[in-house]
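Spelled out, the chains give:
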Amino acid sequence: MHELSIAQALVEQVEGAAAKEHAIRVVRVVIAVGTLSGVDPEALRSLFPLVAEETVAAGAELFIEQVATRVRCLACGLEAQTDAAFVGCTACGSRDVELSAGRELNIKSIELEVDER
Amino acid sequence: MCKDCGCGGDAHVHSHDGQVHSHEHFEGNAHSHSHEHPDELPVSATAETRTVEIRQKILSRNDEQAERNRAWLKAHGVVAVNLISSPGTGKTYLLERTLEGLRDKVPCAVITGDQRTDNDARRLQGRGAPVRQIETVNSCHLDAEQVGRLLPEVAGNGVKLLFIENVGNLVCPAAFDLGETFKIALLSTTEGEDKPVKYPTLFSNAPVAVLTKMDLVPHLDWNAAACRAYLRQVRPGVFIFELSAKTGLGMEAWLDYLVKLTE
């Protein structure tokens, strides 16, 4: 259950960003989670509200964009989606590939409510 | 992809005007649509909602500490390997034999992590290498801060090779960069040969894999060729060691490899 550590790190960063923007409330947090990130989106979704409680992010919606694993083939040049458990080129079958997506565990944006007074 | 409108492209701005949610895509195709916020708390009259692009790693604090650890290790000429496997694969036993094998050849040190007890540290002591135990208590993995705090005392005095024995767990430790030189995934023959495809996060991120308890193969329906194929399926080009710390099978190649790492 390292999702708890992830949720804590996420809320910490959201709090920092919200303070910088003088936000009174965080409405929505958008994150990207890759299929090879080792993070269970459902666990993160259920832990986020608990960790966010009594912070500026309390009640915020957590939107998780799931990112598929993609590889770039060094033999034929194709960049394509692949199964997380098969790191290889789907076109030419080459195993000489590099991962181009799938390890993401990133915050993308946050939607804030700012008091303009 | 935008959740609200399904449009592709990840760079776009959202702004709110009442219940209308407009998007301005950087490609120039601005459009708007209505958008309900059913769970929204009452918005104060003077409040304005705006979206801020952040684009940071969620674990950026851990990653920054990991980079500091990496720089420290490099500056002190230390190669650090992060050993990850499920509990019971035989990490500690392999380390016992490894420390004995490298004694007087390579100055080694160990940081070992478990939720509770210092049993592993006690097992590894007296083999010519400084050993420190991290008790993570409720946590299922080591993090960069825990390792960074111990580096100067454990790996500061001419140590060339640092083994970081992570908490026994195939999932969580894979997500936390400790600043190691690289990860080594271990898998025992009693665990089933398809673990690499079941846990690709770890096995795809470890350039070296060690298959332990090879002495048990005659007693098991364990297929070495299938296991190697699964390992290569998630990590083409993975370097595989097959050994038994108990009988010594394959230990020579493993020890030679570790010596070469530090040269």
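Predicted, not measured: the structure shown is a model, and the values here were computed from it.

Enquirer: Can you tell me about the interface of chain B and chain A, naming the residues and giving the values?
Expert: Each partner contributes residues to the interface: chain B has 42 residues there, and chain A has 41 residues. Inspection of the region where chain B meets chain A yields two salt bridges. Glu12(A) is the partner of Arg61(B) in a salt bridge, and the nearest nitrogen-oxygen pair spans 2.9 Å. For the pair chain B and chain A, the number of links is 19 residue pairs in polar contact (both at pLDDT 80 or more). When contributions to the side of chain B that touches chain A are tallied by element, the ones reaching two or more residues are β1 (12-17), β4 (47-57), α1 (60-75), α6 (200-203) and α7 (224-234) of chain B. The element contributing the most residues to the side of chain B that touches chain A is β4(B), with eleven residues. Of the residues in the side of chain B that touches chain A, the class split is 17 nonpolar, 14 polar and eleven charged. Judged from the nine bridges that link them, strand β6 (residues 105-115) of chain A and β4(B) form a sheet pairing that is antiparallel. Each residue of the ladder has a partner; that of Asp115(A), found in β4(B), is Ala47(B).

Enquirer: Let's hear about the packing of aromatic side chains: which residues, and what values?
Expert: All names here are of chain B. Per the stated rule, a full pass over the model turns up five aromatic pairs over all chains. Both rings, one in Phe241 and one in Trp254, keep their centres 5.5 Å apart while their planes meet at 75°; by these two values the pair is edge-to-face. Taken together, the residues span a long stretch of sequence, with Phe241 in strand β11 (residues 239-242) and Trp254 in helix α8 (residues 251-261) at a distance of 13 residues. The class for Phe241 is buried, based on a relative accessible area of 7%. What makes Trp254 buried here is its relative accessible area of 1%. Ring pairs connect the aromatic residues Phe239, Phe241, Trp254 and Tyr257, which therefore count as one cluster.

Enquirer: Give a description of the nonpolar core that names residues and reports values.
Expert: With 34 residues, the main nonpolar core has Leu10(A), Val29(A), Ile31(A) and Ile110(A) as its most contacted residues. Those elements that provide at least two residues to this core are α1 (3-20), β1 (23-34), α2 (41-52), β2 (61-67) and β6 of chain A together with β4 of chain B. Here this core gets eight residues from one element, more than from any other, and that element is α1(A). Once you skip the residues sitting within four places of it in the chain, Ile110(A) turns out to touch Val14(A), Ala17(A), Ala18(A), Arg28(A), Val29(A), Arg50(B), Thr51(B), Val52(B) and Ile54(B).

Enquirer: Before we move on, could you go through the sheet that holds strand β7 (residues 131-135) of chain B and cite the residues and values that matter?
Expert: All names here are of chain B. One open sheet holds the seven strands; their spatial order is β7-β6-β8-β5-β9-β10-β11, and the pairing between them is parallel. Of all strands in the sheet, those with a lone pairing partner are β7 and β11, marking the two edges. Each neighbouring strand pair of the sheet contributes to a mean axis angle of 20°, computed without reference to strand direction. Where strand β10 (residues 208-212) meets β11, four bridges bridge the pair, whose relative direction is parallel. When the sheet's bridge partners are listed, Val208 is paired in β11 with Phe239.

Enquirer: An account of α2(A) is requested, with residue identities and associated values reported.
Expert: Since the α-helix advances by 3.6 residues per turn, residues separated by three or four positions end up pointing in the same direction. Residues and elements named next belong to chain A. Look at α2: 16 Å from first C-alpha to last across twelve residues, which is about the 16 Å you get at 1.5 Å a residue. Listed in full, the buried residues belonging to α2 are Pro41, Ala43, Leu44, Leu47, Phe48, Val51 and Ala52. Viewed along the axis of α2, the buried residues span an arc of 135°, placing them on a single side of the element. Sitting at the head of α2, Asp40 places a side-chain oxygen 3.2 Å from the backbone nitrogen of Glu42.

Enquirer: With reference to specific residues and values, describe α1(B).
Expert: Along its 16 residues, α1(B) runs 22 Å from first to last C-alpha, staying within 8% of the 22 Å computed at 1.5 Å per residue. Residues of α1(B) that are buried: Ser60(B), Asn62(B), Asp63(B), Gln65(B), Ala66(B), Asn69(B), Trp72(B) and Leu73(B). Considering only its buried residues, α1(B) is in contact with α1 of chain A together with β4, β5 (79-84), α4 (144-155) and β8 (161-165) of chain B.

Enquirer: Which residues make up the sheet that holds strand β3 (residues 70-73) of chain A, and what are the values?
Expert: Residues and elements named next belong to chain A. Read across the open sheet, the three strands follow the order β4-β3-β5; overall the sheet is antiparallel. A single partner strand is all that each edge strand has here, and the edge strands are β4 (79-81) and β5 (97-101). On average, each strand axis in the sheet is tilted by 35° relative to the strand beside it, whichever way the strands run. In the sheet, β3 pairs with β4 via three bridges, with the strands oriented antiparallel. Directly across from Arg70, in β4, lies its bridge partner Gln81.

Enquirer: Now, about the packing of helix α2 (residues 91-102) of chain B against α8(B): what can you tell me, with residues and values included?
Expert: Residue and element names in this part refer to chain B. Between α2 and α8, the shortest axis-to-axis distance is 10 Å and the interhelical angle comes to 65°. Where α2 crosses over α8, the two elements pack in a sense that is right-handed. Contacts from Leu94, Arg97, Thr98, Gly101 and Leu102 in α2 reach Met251, Trp254, Leu255, Leu258 and Val259 in α8. A per-class count over the contact of α2 with α8 returns seven nonpolar, two polar and one charged.

Cut-off values and rules
Residues numbered from 1 in each chain as written. Chains lettered and ligands numbered in written order. Predicted model: local features only at pLDDT ≥ 70, side-chain atom pairs only at ≥ 80, totals over all residues. Heavy atoms only, no water. Contact = heavy atoms within 4.5 Å. Salt bridge = Lys/Arg side-chain N within 4 Å of Asp/Glu carboxyl O. Polar contact = N/O pair within 3.5 Å; in protein donor to acceptor, adjacent residues only side chain to side chain. Helix = DSSP H or I, 4+ residues; strand = E, 2+ residues; numbered from the N terminus. Nonpolar A, V, L, I, M, F, W, Y, C, P; charged D, E, K, R; others polar. Pairing = 2+ DSSP bridges. Phe/Tyr/Trp six-rings, centres within 6.5 Å; stacked < 30°, edge-to-face > 60°. Buried < 20%, exposed > 50% of the residue type's maximum accessible area, 1.4 Å probe, protein only. Core = buried A, V, L, I, M, F, W, Y, C linked by side-chain atoms within 4.5 Å. Axes fitted to C-alpha atoms, helices over the stretch in contact; angles between N-to-C directions. Expected span 1.5 Å × (residues − 1). Arc of directions from axis to C-beta. Left-handed = near helix turned anticlockwise from the far one by under 90°.

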